[in-house]
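# Observations on the three-dimensional arrangement
Chain by chain, the residues:
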Amino acid sequence: MKNIRIDELHLRYFKGAEKADYEFGDCINVVKGCNGIGKSTIADAISWVLFGTNQAGDTKFGIKTKDEHGNEIEDVEHSVEIRLSTDNMEVFPYGAQNSVKNLKLTRILTETRKKDGSVTNNYTYKVDGEVVTAGDFKKVVDGICPEKVFRLCSSPYAFVGMEWGDQRKMLNDMYGVPSVDDVTGGDARFDAVKELLEKEDIDKELKHLKYNRKEIQDKLDDIPVRLGSLNKVVPKAEDWDAIEKQINDKGQEIDKMRNSLNTINGGGADLVRKQQNINILNLDHKRKRMMEESAQRMLGDIIKANAEAKTACDKAVTEAEQTVEDLKKKVKSYDESINRCNTRISELNAEMADGAAKWKIVKARTWEWNEDDAFCPTCKQPLPEDQVQKIKEESEKAFLNSQAEDLKKLRNDATKIKEDVKACEKEIESFKLEQKTAQTQLDKAEVVLKEAQKALEEQVKKGNEKVSVETLLAEKPEYKQVCDRIENVEAEQEKPTDEGMSEEDKKLKADLEKKIKDQEAELDALHARLSVRTQWDKVNEQIKAVKNDRKVWQEQLDELDDKIEAVSDYQKLACEAMENIVNKHFRLVKWSMFRRQLDGTDKPWCECSVDGVPYSDSNTADMVNAGLDIARALKEYYNVNVPCIIDNAESVLDPLYDGGQQIRLMVTEDKELTIERYEYKD
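Residues numbered from 1 in each chain as written. Predicted model: local features only at pLDDT ≥ 70, side-chain atom pairs only at ≥ 80, totals over all residues. Heavy atoms only, no water.

## Points about the overall build of the chain
The condition is simple: Numbering of helices and strands starts at the N terminus; helices are DSSP runs of H or I of at least 4 residues and strands are runs of E of at least 2. Between the two quantities, the radius of gyration covers C-alpha atoms and the globule rule is 2.2 Å times the number of residues to the power 0.38. Only protein chains enter the accessibility calculation, which uses a 1.4 Å probe; a residue whose area is less than 20% of its type maximum is buried, one above 50% is exposed, and one in between is partly exposed. The contact rule is simple, with two residues in contact once any of their heavy atoms fall within 4.5 Å. Note that accessible areas follow from Shrake-Rupley with a 1.4 Å probe, and for residues the cover is restricted to the protein chains shown. Charge counting treats Lys and Arg as positive and Asp and Glu as negative, with His and both chain ends excluded. Taken as the charge centre is NZ of Lys, CZ of Arg, CG of Asp or CD of Glu, depending on the residue.
Secondary structure summary: the chain contains 15 helices and 14 strands in total. Compactness check: the chain gives a C-alpha radius of gyration of 51 Å against a globular reference of 26 Å for 682 residues, more than 25% above the reference. Projected onto its principal axes, the C-alpha positions of the chain cover 165 × 70 × 65 Å. Within the chain, the fraction of its 682 residues that count as buried is 34%. Sequence separation of 24 or more characterises 71% of the internal contacts of the chain that already satisfy a separation of 6 or more. When the accessible surface of the chain is totalled, it reaches about 42600 Å², and 50% of it is carbon and sulfur. Across the chain, 110 positive and 137 negative side-chain charges occur, with their mean positions spaced 3 Å apart.

Okay, here's the thing in structure tokens:
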């Protein structure tokens, strides 16, 4: 891995620094000072001398130094000089060798002022004191480390400041994307959409599938409207074959009546009458037999219906009894839940009282000076007064910090206890409300049980009533009419035959003529009913086609739903596989590569988290350490170890450190800027 270190940094009239010289150690450098003293200027100077921008990447910023009145100091050189050391471990056949190179880079800004007051900025670039062109200077810098790589690896804020889509793409480019086969694991349900999954923009394909689904769903939604319109114009359905048979039978009947009429006209009225009586008897006997069979079936239906009704009543009573029993248990369970909550509240109140006692103890603690600390632990000689004073301050500060932490923990515990008490009280109110609802349901269920028991008693009573075929036929007046008519017609058939056409024969002839006329009218009506069959067939073919469309579209919709589900599931599996691949390279942060939407689908996403807390919701310390972990992973990927510059380092109690040079810019109350160098993390 290539190691890059900043050894020295020299500023001349750069931002607020007229002259500043800094030296940095190889490991941890803590830059301390109050706000406005020039800590951020160091970060901007490093970025400007290398790349011509400040640490935010802006080319235009306040480089020029101003006097005490806020005016730019004219006719001075604004320059930054940086001294770098680079070493690279090279492996040769005879062993490994670490080659070290030192480099001095300088960027100078001067002004040319014209008579009209305009100012032209001029830049000079130097490499090891030699003036070079801007292009050659950039080549040298890129040879050390390209700008993009340097910015990403030197700041805990660079990568996390990128758009999530850019972060996701970069992580994919760095660590690779799992193949379709790796994600699906041979699952057959993905076979139908494998071609879609192998395309780059799966989101686009998924949107296309959902668009097609919406179009088909719109067509399906229109089906009821189309069917409704057709049903309005379709003629009433009839048994067309039966109508054709009625037409045929009606024609034959008319022919028979005409033959009978001819017989009457030829003097055979009595024969016609007897034949009619035979027809009447045949028809009435048939009707009598049908009514008796119908009564027999009705008796069976009554017996069956009574049995089914009793079974239904038995079931209703059983279900109502079970419902009442369940609701009684439910009402009782709420009392138990309320008692548990009250017990928990008592426990929490006891914890609160215990916490209050601990608070008084912690609050009463005072700092005490141990006189032994004023002597050297080795030689037992008194330490210098300034060192003793510093030890006292640090001891007292440590005591106060410890006391504050203990009080903070007790305060947080008290807050948590109060929240738990409120939660228990809220649960009690909820249980009481639900218990009231359950009691209301129980009251209603008991009413339903009584009604079911009453219905069962009535049904048992009804089932015990005696019913027979004879009693059912006795309730039908038409049955007695048929029996009486059979008796009268059979008596008439026994009468002797008369000669000639009597008045009764004339009446019979007139009745036949009227019947023929009525039958012909009925025949015309049957022909009229049959005439709409063509329209019925046409409209029903259209209805059949619409229903077929519905079937086809429903199958297409089901197929699309299966594909959409498969693609959505694949996206989730792919993101999980991608997360597993990416997260292997990080120690502190965990990356989420997808996010659940309101519609339940998982959409591509990219955000890191620390201990389960998303970066955007993390505290400043976790944000900084997350950025340091990301920078470390990027250094490993690019095989380069550049200095890491941490702004606002005072917000982190223990910044991550994994070797290399680290420059921590820390706000303190010091009025002068100082740099403390540490060779090791401690």
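There's more to say after this.
## A few points about the side chain of Gln435
Mapping Gln435 onto the fold places it in helix H10 (residues 385-463). Residue class for Gln435 comes out buried when judged on its relative accessible area of 16%.

## Considerations on the pairing of strand S3 (residues 28-33)
Stated formally: Here a strand pair is declared whenever DSSP counts at least two bridges between the two strands.
Most of S3 is tucked away: six of the six residues are buried. In the sheet, S3 pairs with strand S13 (residues 662-667) via six bridges, with the strands oriented parallel. Directly across from Ile28, in S13, lies its bridge partner Gln662. By the bridge criterion, five bridges tie S3 to strand S14 (residues 674-678) in an arrangement that is antiparallel. Bridge pairing in S14 links Val30 to Glu676.

## Regarding the environment of Thr440
In this structure, Thr440 sits in helix H10. Taking relative accessible area as the criterion, Thr440 reaches 38% and is therefore assigned partly exposed. Placed 15 residues apart in sequence, Thr440 and Glu425 show a C-alpha to C-alpha distance of 23 Å.

## Remarks on the sheet that holds strand S8 (residues 589-596)
Here we have three strands laid out as an open sheet, ordered S8-S9-S10, and antiparallel in their pairing. Each edge of the open sheet is held by one strand with a lone partner, namely S8 and strand S10 (613-614). Where strand S9 (residues 602-610) lies against S10, two bridges are found, and the strand directions are antiparallel. Bridge assignment links Val610 to a residue of S10, and that residue is Val613.

## Some remarks on the nonpolar core
Heads up, the rule is: Definition used in this section: a nonpolar core is a set of buried Ala, Val, Leu, Ile, Met, Phe, Trp, Tyr and Cys residues joined via side-chain atoms within 4.5 Å.
Counting 64 residues, the largest nonpolar core has Leu9, Ile46, Leu50 and Trp591 as the members making the most contacts within it. At eight residues, the largest contribution of residues to this core is made by helix H1 (residues 39-51). Those residues within four positions of Leu9 in sequence are excluded, and the remaining contacts are Ala20, Asp21, Tyr22, Phe24, Ile42, Ala45, Ile46, Val80, Glu81 and Ile82.

## Re the packing of helix H4 (residues 164-175) against helix H15 (residues 620-638)
Packed helix pairs are characterised by how far apart their axes lie and by the angle those axes make with each other. For clarity, the threshold we go by: For helices, the fitted line uses only the C-alpha atoms of the stretch in contact; every axis is such a line through C-alpha atoms, and the angle between N-to-C directions lies from 0 to 180 degrees. Any angle that falls under 35 degrees is termed roughly parallel, while one over 145 is termed roughly antiparallel, one within 65 to 115 roughly perpendicular, and all others oblique. Two helices that cross are described as forming a left-handed crossing if the nearer one is turned anticlockwise from the farther one by less than a right angle, and a right-handed crossing if clockwise.
One can describe the packing of H4 onto H15 by two numbers: an axis separation of 11 Å at closest approach and a directional angle of 40 degrees. The angle between H4 and H15 places the two elements in the oblique class. Relative to H15, H4 is oriented so that their crossing is left-handed. Taken together, the residues of H15 that come into contact with H4 (itself represented by Met170, Asp173, Met174 and Tyr175) are Ala633, Leu634, Tyr637 and Tyr638.

## Describing the confidence of the model for the chain
Keep this limit in mind: What pLDDT expresses is the predictor's confidence in each residue, scored from 0 to 100.
For the chain, mean pLDDT is 86; residues scoring 70 or higher make up 93% of the total. The low-confidence segment residues 91-96 (pLDDT under 50) makes five contacts with residues lying over four places distant or belonging to another chain.

## Considerations on the packing of aromatic side chains
Short version of the rule: The aromatic pairing rule takes the rings of Phe, Tyr and Trp, using the six-membered ring of Trp, and pairs them if the centres are within 6.5 Å, calling planes under 30 degrees apart stacked, those over 60 edge-to-face and the rest tilted.
Summed over all chains, the structure comprises 13 aromatic pairs. On the numbers, 5.7 Å between centres and 85 degrees between planes, the contact of Phe159 with Trp591 is edge-to-face. Of this pair, Phe159 sits in the loop between helix H3 (147-154) and H4 while Trp591 sits in strand S8, and the two are 432 residues apart along the sequence. Neither residue differs from the other here; Phe159 and Trp591 are each classed as buried. Through pairs of rings, three or more aromatic residues link up here, namely Phe159, Tyr175, Phe586, Trp591, Tyr637 and Tyr638.

## Quick word on the pattern of salt bridges
Note the cut-off: For salt bridges, the criterion is a side-chain nitrogen of Lys or Arg within 4 Å of an Asp or Glu carboxyl oxygen.
Under the definition given, this model contains 34 salt bridges. Lys245 is the partner of Asp249 in a salt bridge, and the nearest nitrogen-oxygen pair spans 2.9 Å. Taken together, the residues Asp249 and Lys245, both in helix H8 (residues 240-265) and four residues apart, mark about one turn of the helix. Judged by relative accessible area, Asp249 falls into the partly exposed class, the value being 33%. Given a relative accessible area of 52%, Lys245 falls into the exposed group.

## Observations regarding unusual backbone geometry
The backbone of Asp128 sits at a positive phi, close to 55 degrees, despite the residue not being glycine. Mapped onto the fold, Asp128 is located in the loop between strand S6 (119-127) and strand S7 (130-132). At Asn648, a position not held by glycine, the phi torsion is positive, near 55 degrees. Mapping Asn648 onto the fold places it in the loop between strand S12 (644-646) and S13.

## Some words on the environment of Glu238
Mapped onto the elements of the fold, Glu238 is located in the loop between helix H7 (202-233) and H8. Taking relative accessible area as the criterion, Glu238 reaches 25% and is therefore assigned partly exposed. Along the chain, Glu238 and Val467 lie 229 residues apart, while their C-alpha atoms are 37 Å from each other. Apart from the residues within four sequence positions on either side, Glu238 is in contact with Ile243 and Arg529.

## Observations concerning a negative patch on the surface
Counted only if it meets this: Excluding any residue in a salt bridge, patches collect residues exceeding 30% relative accessible area, merging like charges within 9 Å and nonpolar Val, Leu, Ile, Met, Phe, Trp and Tyr side chains within 5 Å.
A cluster of like negative charges, contributed by Glu555, Asp558, Asp562 and Glu565, occupies part of the molecular surface. Within the fold, Glu555 resides in helix H14 (residues 533-583).

## Details of the sheet that holds S3
Pairing is mixed in the open sheet, where four strands are placed in the order S12-S13-S3-S14. Looking along the sheet, the strands with just one partner apiece sit at the ends: S12 and S14. Put simply, the sheet's adjacent strands are angled 15 degrees from each other on average, direction ignored.

## Considering H1
Spelled out, the test is: A helix is expected to span 1.5 Å multiplied by its residue count minus one.
A rise of 1.5 Å per residue sets the reference length of H1, with its 13 residues, at 18 Å; its end C-alpha atoms lie 19 Å apart and thus fit the reference within 8%. Of all 13 residues in H1, twelve are buried; the element is thus mostly enclosed. Considered for burial, the residues of H1 that qualify are Lys39, Thr41, Ile42, Ala43, Asp44, Ala45, Ile46, Ser47, Trp48, Val49, Leu50 and Phe51. The first or second residue beyond H1 is Gly52, which carries a positive phi of 80 degrees.

## Concerning the packing of H3 against H15
To keep things clear, this is the line we draw: The classification used treats Ala, Val, Leu, Ile, Met, Phe, Trp, Tyr, Cys and Pro as nonpolar, Asp, Glu, Lys and Arg as charged, and all other residues, Gly among them, as polar.
Running from N to C, H3 and H15 point in directions that differ by 145 degrees, and their axes come no closer than 8 Å. Note on element contacts: H15 touches H3 through Ala631, Leu634, Lys635 and Tyr638, opposite Lys148, Val149, Leu152 and Cys153. Among the residues forming the contact of H3 with H15, the class breakdown is six nonpolar, no polar and two charged.

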